[in-house]
Amino acid sequence: MTDSTSVLIVTDIQNDFLPGGALAVANGHEIVPLVNTIARRFKNVIITQDWHPAGHISFASTHPGRAPFEEIDLRYGPQVLWPDHCIQGTTGAALADGLDIPHAQMIIRKGYHAHTDSYSAFFEADRKTPTGLTGYLFERGIETVYAVGLALDFCVNWTALDARTHGFETVVIEDLSRAIDTNNSLAAAIAQMDAAGVRRITSTRL
Ligand code: VGL
Ligand code: ZN
């Protein structure tokens, strides 16, 4: 059992990111039972949930003539365009049926502002608008953040980088995560995490 200064952040294990979903991450379903098991070794668990309004700025369908997985420039920087996914209140946005973490203490939703995406659990994609998670973790006395889930090269990566920025020891458990890997995004994410001092481990080393 990890101590009370550690938290496990379970990222976006939602129907739309599993095979058959709107933005399926290859083999995403494989991690669900493994995440359930590892979560039992953490006193503190937080779940994140991608939670967009219809017509969200990250949807290719919002930009006439654009296709999913193209990149465009928005006022806050480059934005990959996605198929419509995780629309608030839909079955696709629901946490995966098989996810079984009854002791999770908080579910933090993100991406709910129509004009700003939010991969990270800490800051929206403008890198300025906080979700409130930093204050929550500081007040709880958390020192170490473990991150798992979907997708390794987007939301897990951005969450891990922001955790480092705030001074948390940060550990990504790679075998409990899966990547989208579009346009070399997985290799880029790994390089960013390594440069930022994010530790990457497999769950057997926990
Ligand atoms: C995510 C793309 C769009 C993720 C969320 O959870 O990694 N990726 N929205
Ligand atoms: Zn999203």
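Residues numbered from 1 in each chain as written. Chains lettered and ligands numbered in written order. Predicted model: local features only at pLDDT ≥ 70, side-chain atom pairs only at ≥ 80, totals over all residues. Heavy atoms only, no water.

What follows is about the coordination of the zinc ion (ligand 2). Here the zinc ion (ligand 2) is held by the protein donor atoms Asp50 (OD), His52 (NE2) and His85 (NE2), which lie 2.0 to 2.2 Å from it. Viewed at the metal, the four donor atoms of the zinc ion (ligand 2) are separated by angles of 88 to 171 degrees, and the geometry they form is irregular. One chain supplies every donor to the zinc ion (ligand 2), and in sequence these donors are spaced D-x1-H-x32-H. His52 gets classed as buried once you look at its relative accessible area, which sits at 0%. (Donors = N, O, S within 2.8 Å, 3.2 Å for Na, K, Ca; no water. Tetrahedral: all angles 85-135°; square planar, octahedral: opposite > 155°, others 65-115°. Buried < 20%, exposed > 50% of the residue type's maximum accessible area, 1.4 Å probe, protein only.)

What follows is about the site of ligand 1. Looking at ligand 1, the residues that line it are Asp12, Phe17, Leu23, Asp50, Trp82, His85, Tyr119, Leu150, Ala151, Phe154, Cys155 and Ile180. In this structure, an oxygen atom belonging to ligand 1 sits 2.6 Å away from a side-chain N or O atom of Asp12. Separating a nitrogen atom of ligand 1 from a side-chain N or O atom of His85 is a distance of 3.1 Å. Within the complex, the protein chains bury 100% of what would otherwise be the 260 Å² of accessible surface of ligand 1. Residue composition of the shell around ligand 1, by class: nine nonpolar, one polar and two charged. (Near = heavy atom within 4 Å. Polar contact = N/O pair within 3.5 Å; in protein donor to acceptor, adjacent residues only side chain to side chain. Areas by Shrake-Rupley, 256 points an atom, 1.4 Å probe, with all protein chains shown as cover. Nonpolar A, V, L, I, M, F, W, Y, C, P; charged D, E, K, R; others polar.)

Strand order in the open sheet made by the six strands is β5-β2-β1-β6-β7-β8, with parallel pairing throughout. Both edges of this open sheet fall to β5 (106-110) and β8 (199-201), since each of them pairs with a single strand only. This sheet shows a mean twist of 25 degrees between the axes of neighbouring strands, independent of strand direction. Relative to β5, strand β2 (residues 45-50) runs parallel, the two being bridged by five bridges. Its bridge partner lying in β5, Ile47 is registered against Ile107. Sheet strands touched by helix α1 (residues 31-39): β1 (6-11), β2, β6 (144-150) and β7 (169-178). Its angle to β7, the strand with the most contacts, is close to 145 degrees. (Pairing = 2+ DSSP bridges. Helix = DSSP H or I, 4+ residues; strand = E, 2+ residues; numbered from the N terminus. Axes fitted to C-alpha atoms, helices over the stretch in contact; angles between N-to-C directions. Contact = heavy atoms within 4.5 Å.)

With the rule as written, the count across this model stands at eight salt bridges. In this structure, Arg40 engages Asp100 in a salt bridge whose closest nitrogen and oxygen atoms are separated by 3.4 Å. Here Arg40, found in the loop between α1 and β2, pairs with Asp100, found in the loop between β4 (77-80) and β5; they are 60 residues apart in sequence, far enough to count as distant. Relative accessible area serves as the criterion here: at 42%, Arg40 is assigned to the partly exposed category. If you follow the salt bridges from partner to partner, you end up with Asp12, Asp50 and Lys110 in one network. (Salt bridge = Lys/Arg side-chain N within 4 Å of Asp/Glu carboxyl O.)

Let us look at the packing of aromatic side chains. Summed over the entire model, instances satisfying the criterion amount to eight aromatic pairs. Considering the side-chain rings of Phe69 and Trp82, the 5.7 Å spacing of their centres and the 90 degrees angle between planes classify their relative orientation as edge-to-face. Of this pair, Phe69 sits in the loop between β2 and β3 (71-74) while Trp82 sits in the loop between β4 and β5, placing them 13 residues apart in sequence. Judged by its relative accessible area of 2%, Trp82 is buried. Ring geometry for Tyr119 and Trp158: centres 4.9 Å apart, planes at 80 degrees, overall edge-to-face. Of this pair, Tyr119 sits in the loop between β5 and α2 (133-139) while Trp158 is found in helix α3 (residues 152-165), placing the two residues 39 residues apart along the sequence. What links up through ring pairs into an aromatic cluster is the set Phe69, Trp82, Tyr119, Phe154 and Trp158. Lying over the aromatic face of Trp158, Arg127 brings its terminal NZ or CZ to 4.3 Å of the ring centre. (Phe/Tyr/Trp six-rings, centres within 6.5 Å; stacked < 30°, edge-to-face > 60°. Lys NZ or Arg CZ within 6 Å of the ring centre and 35° of its normal.)

So, on to unusual backbone geometry. For the peptide bond that leads from Leu150 to Ala151, omega is -15 degrees, which places it in the cis range. On the secondary structure map, Ala151 appears in the loop between β6 and α3. Positive phi is not limited to glycine here, since Asn183 has a value of about 50 degrees. Judged by relative accessible area, Asn183 falls into the exposed class, the value being 67%.

All right, on to the pairing of β2 then. Taken across its six residues, β2 has six buried, putting it largely inside the fold. Of the two faces of β2, both are covered, the one formed by Val45, Ile47 and Gln49 as well as the one formed by Ile46, Thr48 and Asp50. Where β1 meets β2, four bridges bridge the pair, whose relative direction is parallel. Across the sheet, Ile9 pairs through a bridge with Ile46, a residue of β2. In the classification by handedness, the crossover that spans β1, the intervening α1 and the parallel β2 is right-handed. (Right-handed = clockwise from strand over helix to strand, strands pointing away.)

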